[in-house]
Amino acid sequence: MPELPEVEVVRRDLDPVVAGRTIVAVEVGRDRAVRREASIGAYVDALSGRPVTRTDRVGKFLVVHLGIGDGGTPRPDVVVVHLGMSGQLRTAAGGDDPRLAHTHVVWVLDDGAEVRFVDPRTFGHTWTDRTGADGRPTTTAHLGPDALAAGGAADVVAAALAGRRVAVKLRLMDQTALAGLGNIYTDEILFRAGVAPHRPAGSLGAAEVAAVADAIHEILPAAIAARGSSLGDGQYVDGAGRPGTYQEQHAVHAKAGRPCPGCGRPLARLKLGGRSSTFCPGCQV
DNA sequence: AAGCACACCTGCTAGC
DNA sequence: TGCTAGCAGGTGTGCT
């Protein structure tokens with residue numbers, strides 16, 4: 001489900017609900033949703049009574065910064081959420097709203113509002129962590145530069161692609177190279193850049209690298225402005241449960257067989273790394 | 001050591 | 001109508 005734009009929309013919805021509030025209770029309905037912890041109880045204890053200072057995002061990882069709270073012994077200073085394929089982080093003004101099926105974790109705030117982690121496919125999860133010297137949680141240290149923060153800087157994209165024989169689309173989806181891009185947005189970025197997804201990453205010339213960087217710079221903010229992409233199965237919704245609209249602007253993703261918006265020829269489908277890719281064999285070389 | 005296959009889950013759709 | 005196979009936005013692992 002969610003790639004960088006969707007996670008950013010969820011973060012922006014979440015921030016005003018949680019910033020300045022205190023987590024007074026935590027409920028875990030499905031243990032699998034909490035990972036990388038010594039125990040479920042450790043997660044609950046680490047969050048309970050903690051004020052929320054601000055929210056952040058690294059690639060597709062959502063980061064909630066925690067203040068000291070009661071206690072005093074050193075404790076994790078962030079809670080991280082990854083939405084996986086089907087995760088949603090939804091806010092409810094009070095506990096009276098009925099909970100959706102697959103609501104696995106609930107944070108109850110001191111004003112009665114709730115933050116609910118809903119995830120049918122259970123690939124998403126949440127955990128507590130500490131931030132390192134770079135301000136990122138230690139469990140996100142392996143990630144490359146954030147694709148939005150990098151702003152489509154050509155030198156960052158060039159460094160991610162240089163010398164790699166793997167398909168450029170797979171390299172762009174490699175979170176250790178550049179963090180935040182997934183199957184939807186790499187399809188759209190490569191179409192915009194006019195680069196075929198199966199080209200070896202290192203084979204792109206400087207003008208093509210610049211075109212990819214420009215496409216990242218244009219597409220990610222546009223997708224955030226449109227509140228993300230919600231595909232046919234309707235999994236992605238924002239913090240209030242509303243779908244995004246950027247799918248209306250998709251040029252190629254999941255449109256195999258339909259006419260290319262550039263040249264009118266049918267869009268082709270290709271398997272790369274076990275994922276399906278859509279591209280225009282005429283416009284993308 | 002880069003690159004690949006596969007495992008982890010549930011739910012929906014297309015096809016028989 | 002009901003069953004089954006295939007597919008879906010992602011990440012981490014372990015093998016070659």
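Scroll up a little and you will see the structure.
From a predicted model like this one, the values you see are computed outputs, not experimental measurements. (Residues numbered from 1 in each chain as written. Chains lettered and ligands numbered in written order. Predicted model: local features only at pLDDT ≥ 70, side-chain atom pairs only at ≥ 80, totals over all residues. Heavy atoms only, no water.)

## Some thoughts on the overall build of chain A
Put simply, the test is: Elements are defined by DSSP. Helices are runs of H or I of four residues or more, strands are runs of E of two residues or more, and each kind is numbered from the N terminus. Values of the radius of gyration come from C-alpha atoms, whereas the globule rule sets the reference at 2.2 Å times the count of residues to the power 0.38. Here the term buried applies to any residue with accessible area under 20% of the maximum for its type, exposed to any over 50%, and partly exposed to those in between, with areas from a 1.4 Å probe on protein chains only. Here, residues are in contact when the closest pair of their heavy atoms is within 4.5 Å. Per-residue accessibility takes into account occlusion by the displayed protein chains alone, with areas from the Shrake-Rupley method and a 1.4 Å probe. We treat Lys and Arg as the positive residues and Asp and Glu as the negative residues; His and chain ends play no part in the count. Lysine's charge is taken at NZ, arginine's at CZ, aspartate's at CG and glutamate's at CD.
Counting its regular elements, chain A contains 6 helices and 10 strands. For chain A, the C-alpha radius of gyration of 20 Å lies close to 19 Å, the compact-globule estimate for 285 residues. Relative to its full complement of 285 residues, chain A shows a buried share of 50%. Contacts in chain A between residues far apart in sequence, at least 24 positions, make up 63% of those at least 6 positions apart. Accessible surface, chain A as shown: approximately 11,700 Å² in total, 52% of it carbon and sulfur. Computing the positive centroid from 32 side-chain charges and the negative centroid from 31, chain A places the two 7 Å apart.

## Observations regarding the protein's contact with DNA strand B
The line we're drawing: We call a residue near a molecule or strand when any one of its heavy atoms sits within 4 Å of it. For this analysis, a polar contact is any N or O atom pair within 3.5 Å, provided that within protein one partner can donate a hydrogen and the other can accept it, and provided that sequence-adjacent residues contribute only side-chain to side-chain pairs. Side-chain classes follow a simple rule in which Ala, Val, Leu, Ile, Met, Phe, Trp, Tyr, Cys and Pro form the nonpolar group, Asp, Glu, Lys and Arg form the charged group, and the remainder, Gly included, forms the polar group.
Contacts to DNA strand B come from Arg30, Arg32, His102, Pro120, Arg121, Thr122, Phe123, Arg164, Arg165 and Val166. Of all DNA strand B atoms lying within 4 Å of any protein atom, the proportion belonging to sugar or phosphate reaches 65%. In the model, a phosphate oxygen of DNA strand B is placed 2.5 Å from a nitrogen or oxygen of the His102 side chain. In this structure, a phosphate oxygen belonging to DNA strand B sits 3.2 Å away from a main-chain N or O atom of Val166. When the residues that make up the surface near DNA strand B are grouped by side-chain class, the tally is 3 nonpolar, 2 polar and 5 charged.

## What to know about the packing of aromatic side chains
Which entries qualify depends on this criterion: Each Phe, Tyr or Trp ring, with Trp reduced to its six-membered ring, pairs with another whose centre is within 6.5 Å; inter-plane angles below 30 degrees give stacked pairs, above 60 give edge-to-face pairs, and intermediate values give tilted ones. By definition here, charges over rings are those cases where NZ of Lys or CZ of Arg is within 6 Å of the ring centre and within 35 degrees of the ring normal.
If you walk through the whole model with that rule in mind, you get 2 aromatic pairs. A centroid spacing of 6.1 Å and a plane angle of 80° characterise the contact between Phe61 and Trp127, whose relative ring orientation is edge-to-face. Of this pair, Phe61 sits in strand S3 (residues 61-66) while Trp127 sits in strand S8 (residues 125-129), and the two are 66 residues apart along the sequence. The class of Phe61 is buried, set by a relative accessible area of 9%. Using a relative accessible area of 0% as the deciding quantity, one classes Trp127 as buried. Its end group placed over the ring of Trp127, Arg36 keeps NZ or CZ at 3.9 Å from the ring centre.

## Observations regarding helix H1 (residues 4-18)
Operational definition: A helix's residues, less one, multiplied by 1.5 Å, set its expected span.
The first and last C-alpha atoms of H1 sit 20 Å apart over 15 residues, in line with the 21 Å expected at 1.5 Å per residue. With 11 of 15 residues buried, H1 lies mostly within the body of the structure. For H1, the full list of buried residues reads Leu4, Pro5, Glu6, Val7, Glu8, Val9, Val10, Arg11, Asp13, Leu14 and Val18. After H1 finishes, the residue Gly20 shows a positive phi value of roughly 85°.

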